[in-house]
Structure formats: structure tokens, C-alpha cells
Amino acid sequence: MGMFALGAHWPVHASPPPALRDVALFYGEQPPLDELRVFDVVVVDPDHDVDPRAYSRRNGDRSRLYAYVSVGEANPARGYFQAMKPQWFAASNPAFGTRVIDQTAPGWNEFFLDRIVAPLVERGFQGLFLDTLDSYQLLAKTDTQRAEQERAMVGLIRALRARYPELRLIFNRGFEILPEVAEHVQAVAAESLMRGWNPVTNTYRPVPETDRAWLRAKLAEAAKLTGRPSIAIDYVAPEDRVLARDTAKQIVAAGFIPWVTNASLNQLGVGRREVKPRRVLLLTDNPERVRPDVLPAQRYVAMPLNYLGYAVDVMEIDDALAPPARPVVGQYAAIVTWLSGTDTLKMTGLSDWLAQQATADVRVVMFNAPPGDLRGPAARRLGIDVEPDPGVRQLRLATRHPLAGFEITPQVAPSELYGVRLASDSGGESVVRVVDERDRAFDIAALTPWGGYAFAPYTVTQLGAVDRSSWAIQPIEFLRRALKPTLPAIDVTTENGLRLLLVHIDGDGFASRAEVPGTPYASHVMLERFVRRYRVPTTVSVIEGEVGPRGLYPEQSAALEAIARQLFAEPHVEIATHTYSHPFDWYRAMRQGDTASLDKTSADTAYNLRLPGYRFDIAREVDGSKRYIDDTLAPNAKRTRVLLWTGDCMPPPEALAQVERAGLLNMNGGMTVMQRDQASLTDVGPLGMRKGAYLQVYAPNQNENVYTNNWTGPFYGFQRVIETFEMTERPYRLKPINIYFHTYAASKAASIAALEKVYAYALSRPVLPIAASDYIRKVMDFDRAVFFTDLEDDEGVVRLRTDGHARTLRAPADAKYDVAASQGLLGHGDAADGAYLALHGDDARLVPATSRSAQAIELVRASGVVRDVARVADQLAFTLEVPSGAPQPLIEVAAFHATRCAVTVDGRASPPPT
């Protein structure tokens, strides 16, 4: 075979491949694509549920999705295997249970291109990772046979590139054929340069120096042939993160691109970049089979985790739990359990698995009930002693940490005691300790070196008689101390130091008559008294089944549609749909689509509005109502952007999928209502809930229906939402200000007066008004954002990739960053619980500073969205987009040790700040 020159050319009809710096490989199910997007190229198993086109839409050219493809072997589990001809198989690879393919077999090339590659290209994969390129050596035993196999494989690669010139190719080895096809290859990879895995003994091991030297030379030669760095894929036990980092550094020092992962390649490994996890796996049982939205884990634990900056994945488990099949190290910062206590001691494998994670690089916190029997190896790993049934008759409180007795101080009954205590050498700290009649001490709650635990009753106590719940420990501070977060928290309540304000209106009662002179429609009163008077961004929805000609009020439809057109024509109004038939119970409506027909008379079976002749159809609810609004009510320049959930606001994943397919954002649900006479953090909901592949975004607080006892009175009750605004501001800013009401709130004098008071309060505060869609995108960005480190950075530098919507971080008050040396950082501002960091753009690089005394100019507060930032020497330039209805434009900057300061606005000199 001939050699190509080092300056190999690419066909003129194909663009040169992008430079590679970072590569990640993940072959497991449900690859964590949000985290993996920090790498230039991500290789996945195409048989798993991935959508390359969606990945490209979200990430552009910053990260490309490649498909794993085996060239030399066929796995019987592949979908195309049964269509392959038996005569193509010339040998077997017993180590992996695969069949080796004769590359010279007639028809193989066509099958490979048509049945294997073409579907991947059609799905949108931008490149292929070609594996088993040297498997032919298992069947070719002579030089002549090997030459024939290599010649055939060269022809296959050339045919592949001729048909798909834009498709990028990465070889796994293939050193023998590389000189003939180097011009077609973006990079070459090889496994086990520093550390490898033995499939026979199932052990990880260092690579012998002789093998290492040979492979290092081969990878260096491949880099010369392709003109691009080669890739070394090494294997380290998943729990040994320190060794993985050290191995990646060694690979970089050798001049190659690293990827260090586990043997199954189903772990978020370490490359030149390493993801710093901010997701929490929240494990919970569901013995009563309630909706996931109301599980205690979701209601009580997700919000404190969100506040601390963690995105949450809720996973329901049962007494037959098998621990997750793939490693969580690298993907999850922590595992938190909330178990009911119903047969949880019978859970097999959970306690041992959690103990293993706790001694790896994952924090563990256990709430309410123990996760299985913690005796034996699990107890030794966790540093605790356990007596599950200690035979206690009396208990008295011995010590109580300041974190305990937060909203209630419960009495511990002997019958509910799980006998756990910290071992004397555990290094833990008791939060609640009780002593029995024999002076035996038990630690009901404790902070430990691996995290902590709090068992009932020192979690949430239910007071059934008054339908109240209260935290017995301070959940935010307990979790802060147990999880020890090291990253700033992404904050969606604030931008540029100002608390966010959003207004959104559910369409219910559009046809109601207002109890004011002339009895106009409530929708008309809402338009005149609120939308036109308070010109802040406002998201307004309608229910087609109320407003449209095929709805409940066909004779009034023309008048109602005219009001809707006026509403949507207002420049500060964002259009939303409140669906077609306003489902009351989403799960039942979707599973019993005929229950709303007119012949149903029982209120118990009406899961949505009883529209004439209508049987529930999710596409009609979402796409149909959007099309109606866009075609009939919306001005030409506007389209529907948001779907506001109706009824119980508990959509199943299928409904969320339909909304995403329709190109809409979603919001509502969450049940945040906090009042002074019943103040509890249990009444503050999280940001949302991930359901399958989709995220439901919760409204920051609830509407007037909750404050008026389901619209039975008092009708002025919504003014108490001001208490919610204030109590979610301090001591923690947990939520933005959200004025959220139904159209019918404009139908009564008392509720109108209450709304005016709410608007007046909100607009008297230093706020930044935004549309609901902007808030929704911030929450979605919160869920997807990823922190990571880079080997080229100094110690302490952290990077952040977002979609550009989450533009505020909250850090400890003493955290300081060098604004001049950082990227994407505008400045610091004071927060009730730390300091706000104002960001711009979608990539940030935060460089720690010892002080702020020598910083460049910092933005402290600004009443708008900052765009077009330019920082040159001692100058800071930016565009400030001030939304309609915002208070007087405000820009507050800090210039440390400045001898002079000049300000220009729109090219004109402006008085300098004081």
C-alpha cells in the first residue's frame, strides 16, 4: 500500500473537519447530553434514544453528535443483524459475543452503506466513530489474506466518504489501513494507553510499559498522517475519580486527547474537560401510587436543592430495587433519598449501594426512613451503629443542634425509633440525639463526612387536623452542610441584582360578566384596568372552548374574540394558550378521552370542559388551540409562545412531549403559597419537575383562586399574595415576584381592588419585569446548565455553559472573582444570602480573586437585560434593554481604586456615578 503525503487534502466538495480538542464517548442508555455538550464531539450508541437533530439545534457547532459503528464485527443485538447474510461471517469474537465480518464478501459494502450508515445520516448524526477496524485479523491468518481484507476495508472507507463527503470519521485504531485513507479521517483513537481493562478477569490495570510505548508511537504516527491529535481512551474503575483525573493529565502530557471512563463506557468520564456535577438523584418510593408531582420528595426536598443550585431527577423505586445499572459518579453530585418507611427495610441492595456511593465521589443524604437495612457492611462504610428494633420503652431528648426544631419540635415516640447512632470514630456531628431508659443514645439526625441523614419525625411533620406540614429541621442549611456545594448556584429569581417580576393570566372566566356598572365582560375589564394600565410584560392566555365559535358560548364568540384581539395586539402582551377544553385532571383526561362528552352527567367523570361532541385529543388541546389563536386572534407579527397548564396542572410526560413538538414553552403548577399565619418552607414549590425527557416549569407562586378558597371568598384574599412575595424574599430570595391570576379576577370589585394593591406593591419594588417565556427559559437553562473544569486552567477556575438565559449566579458572600480576568462576568451584587454574580453570554469562565480591590469596573445593578458587552482595558461598554413598564432606568456600577470615572450614554456624556 502506498503512503499519502502528510499534507493530505480533502475533496473540494467537502468542508475541512473542525479541529478537535475534546472528545467524549458514552455508550449507555439515556446519555447525559446536557452535560456532554461541553465536549467538541460526543460519541453515542445510536440504538439508544437520542435525537441528533435536536442536539444540533440546541448546541450548533459547539458540540457534534457522532454514532458508534462497528465495521469489522456484528453484534446479534443490533437491529440489522438478522438481515445480514450468514456467509459474511468468517469468525467469532467470544470475548464480546460478536461475529467477525469478511470484508471481501460480496454485498457487504452495499449493506454497510445502505442499511447501517444511511439511517444514521438520515437521523442527523454528523460523524461516525468506526470501531473494530482490526477485527479482520481474527480471520486472516496469512499476509495475503490480511492484504485482501485491508484492501477491501480501504474501498469501504472511500465509498463511504464518496457518498457522504460531509460526514466526519474517527477511527478506533485501524493503523494498518490509515496510510491509504488518512485524508478521509478526522482523528484516530486507541484504547488503553495508560490504563486498561481485562475482560477475562474483569479488572482494571495499568498498561505495561512496552505496550504503552508501542501504542504511543502508533498514535503519534497517526497524528502526523491526519494532521490532528490522536485520542487515547483509557479505563479506570468508576469510583476512582482521582485516578481518572491523573490519567487524563498523563494522556495530555503525552500529546493526545484524553477520555478516561469505565469499561462499559456508560459513565460520564474525564477528558481534557471534566464536568462538575450539579444534578441530584432523588430516590423515593410511592406505596400509595400517587401522582409524582405530590410525592413528599418532590414537594419538600426539591425546592431546597434547587435553591442550593442543584437540578433534580426524581426516581421512584420499590422493594425490588436494583441499583442503577450505570455509575452515577461524574454525573450526579449527590444522591438523596426520601422513603415512606413502608417496607423500606426490605429493599434489597439499596443500602449497600448507597454506602458504596458515599465512599466514592458522591454525597449521600437520607431522609425520613432508612434505605434498607443499614446493618453490616453498609453500617461500617457509613460509620454508624444500628439496632433496627432496640426495644425502647421511653425516650428523652438529649441534645439538639440549632438546625433542629426549625418550624416544629416533634416528640419522638419509641415505636417510630430506628436505632441508629454515630460510631465513636465516625467524624460525624449529631443533630438530634435521644436517650432511652437504659441510657442508650440514638442519633435521629446527623451530619457525616459523606453527607448526612434525618429520620422521622425530624423531617416533615404532618398536622392532619389543620392540613398543615412543618419542617422539624432547617432543610436548606441541613442540605448545605450535608452536600457541601462547591459551585455557585444558578439563580432564576434575579438579573443584574434586581428581583424579577413576571405577570401571567389564565384565560378562565373570559366570558364572565364583571360586577361593575354596565356589567362588561371580565376580559374587557382586565384589558382596560390592568393590561393597558400596567404596561409591564404580560403573558395572556385564552381557552378556545370558552372564546371560540365551537365552544361553550358560540353566540358570544364574536364579542369575546374581539376583546382577545385587542389584548394580543398590545405590544407588551405575550400570547399563550390555556388549551382547547381546559383539562381539570390531566392524567385521567388523557387516558379516558371520551369522558367529557355531553351525555356524561357525573361531575366525577368530567375531566375537562364539556364541549359539544368533543372527545379529548391531546393534539387538539395543544396544536389545535395554538393554531386557532394564531390564525384567528393574533396579530400578524405575533404567535403563541406558551402553554399555561390547566386544572390540577399535573401533565403526564406525553402531554409535555406534545407541547414541545408544537414549539411551545410550558408553565404552571407548583403550589407556592406562603402566608404569615401558616409560614412553612413546605409551602414553597421547586422550579419544576422533570418527567421523562421533558421539564414541566412551575409558576413561581399561585393565583387568586388559592387565596380566595377556590373563589368562594373573601374575594379580596389575593392581596395576601404580597405576604408570599415578602416571605420568599428574605431570609432567602426563593422566588421572583409573580402576579398570576385568572381573567375572572377582574369580575368583582373586591378582587379588582386586591389586584390593584398587588400591582402597586410589585411596581414599588426594585424589580426587572420580564415575560413569562423569559422566566421559563431561565428555568430550562437552570436544568440544563453545566459547570466544568479544563486542564489548561489554574486551580479554582470553573467554567459554565448555558443557553444564554440563566444570567445570574449566587455565591457565598465572601466569594470573589477577578472580573477582568474572567469571561462572561459583569460584576458582583449583594444578596440576602451571599452575593449575586451578573453574567452575560452563554459561556463563562470564573477566575477566583483574593480581593476586589484591584478589579475592573463592575456592574452591580441594572434595570434591564445587558447585551453587546465589550470590556477593553479600563472601559466597560454594553447595551441595556429596558423592558416596558420597568421603573426608572437604573445602572449601578462599582469602580475600585478609580482615580477618575466618565460615563457616556448613547454617545453623550452623563454624570459619573458616586
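Above: the structure in question.
First, a word on what this report is: a plain description of the structure on this page. All figures in this text were calculated on a predicted structure; none of them were measured in a lab.

Right, let's talk about the overall build of the chain for a bit. Within the chain, the secondary structure is distributed over 21 helices and 50 strands. Its C-alpha atoms give the chain a radius of gyration of 31 Å, near enough to 29 Å, the size a compact globule of 914 residues would have. On the principal axes, the C-alpha backbone points of the chain span a range of 100 × 80 × 80 Å. Looking at the chain residue by residue over its 914 residues, the buried ones come to 59%. Looking at the chain as shown, the accessible area adds up to about 36,600 Å², and 49% of this sits on carbon and sulfur atoms. Within the chain, the 109 negative side-chain charges are centred at a point lying 2 Å from the centre of the 100 positive side-chain charges.

Turning to the packing of aromatic side chains, a few remarks are in order. As enumerated under the stated definition, the model contains 29 aromatic pairs in all. With a centroid separation of 5.9 Å and 90° between ring planes, the pair formed by Y418 and F455 is classed as edge-to-face. Of this pair, Y418 sits in the loop between β21 (395-400) and β22 (419-422) while F455 sits in strand β25 (residues 451-455), placing them 37 residues apart in sequence. Given the relative accessible area of 10%, Y418 is considered buried. What makes F455 buried here is its relative accessible area of 4%. Seen from their ring centres, W586 and F616 are 6.4 Å apart, and the 90° between their planes marks the pair as edge-to-face. Here the residue W586 occupies a position in helix α15 (residues 586-591), and F616 occupies one in the loop between α15 and α16 (618-633), the gap between them amounting to 30 residues. Given a relative accessible area of 0%, W586 falls into the buried group.

Across the sheet, four strands lie side by side as β28-β41-β43-β42; this open sheet has antiparallel pairing. The strands lining the two open edges of the sheet, one partner per strand, are β28 (489-490) and β42 (825-831). Taken together, the two bridges between β28 and strand β41 (residues 808-811) define a ladder with antiparallel strand orientation. By the bridge assignment, A489 is partnered in β41 with R810.

Here we come to the pairing of strand β10 (residues 195-198). Where β10 lies against strand β11 (residues 203-206), four bridges are found, and the strand directions are antiparallel. Bridge assignment links R195 to a residue of β11, and that residue is P206. Two successive antiparallel strands, β10 and β11, enclose a turn made up of four residues, where N202 displays a positive phi of approximately 55°.

What follows covers the layout of surface pockets. A volume near 1,400 Å³ is recorded for the second largest pocket. Around the second largest pocket sit 44 residues that line it, and Y68, F96, D131, E191 and Y235 are the ones nearest its centre. Of all the secondary-structure elements, those providing two or more residues to the lining of the second largest pocket are β3 (64-70), β4 (73-74), β7 (127-131), β10, α6 (209-226) and β12 (231-235). It is α6 that provides the largest number of residues to the lining of the second largest pocket, a total of four residues. Classifying every residue of the lining of the second largest pocket by side-chain character gives 20 nonpolar, 13 polar and eleven charged.

Cut-offs used in this document
Residues numbered from 1 in each chain as written. Predicted model: local features only at pLDDT ≥ 70, side-chain atom pairs only at ≥ 80, totals over all residues. Heavy atoms only, no water. Helix = DSSP H or I, 4+ residues; strand = E, 2+ residues; numbered from the N terminus. Rg over C-alpha atoms; globule rule 2.2 N^0.38 Å. Buried < 20%, exposed > 50% of the residue type's maximum accessible area, 1.4 Å probe, protein only. Areas by Shrake-Rupley, 256 points an atom, 1.4 Å probe, with all protein chains shown as cover. Lys, Arg positive; Asp, Glu negative; His and termini not counted. Charge placed at Lys NZ, Arg CZ, Asp CG, Glu CD. Phe/Tyr/Trp six-rings, centres within 6.5 Å; stacked < 30°, edge-to-face > 60°. Pairing = 2+ DSSP bridges. 1 Å grid on protein atoms, 1.4 Å probe; cavity = no way out; pocket = protein on both sides within 12 Å on 5 of 7 lines; lining within 4 Å. Points joined across faces, edges and corners; volume = space filled by probe spheres on them. Nonpolar A, V, L, I, M, F, W, Y, C, P; charged D, E, K, R; others polar.

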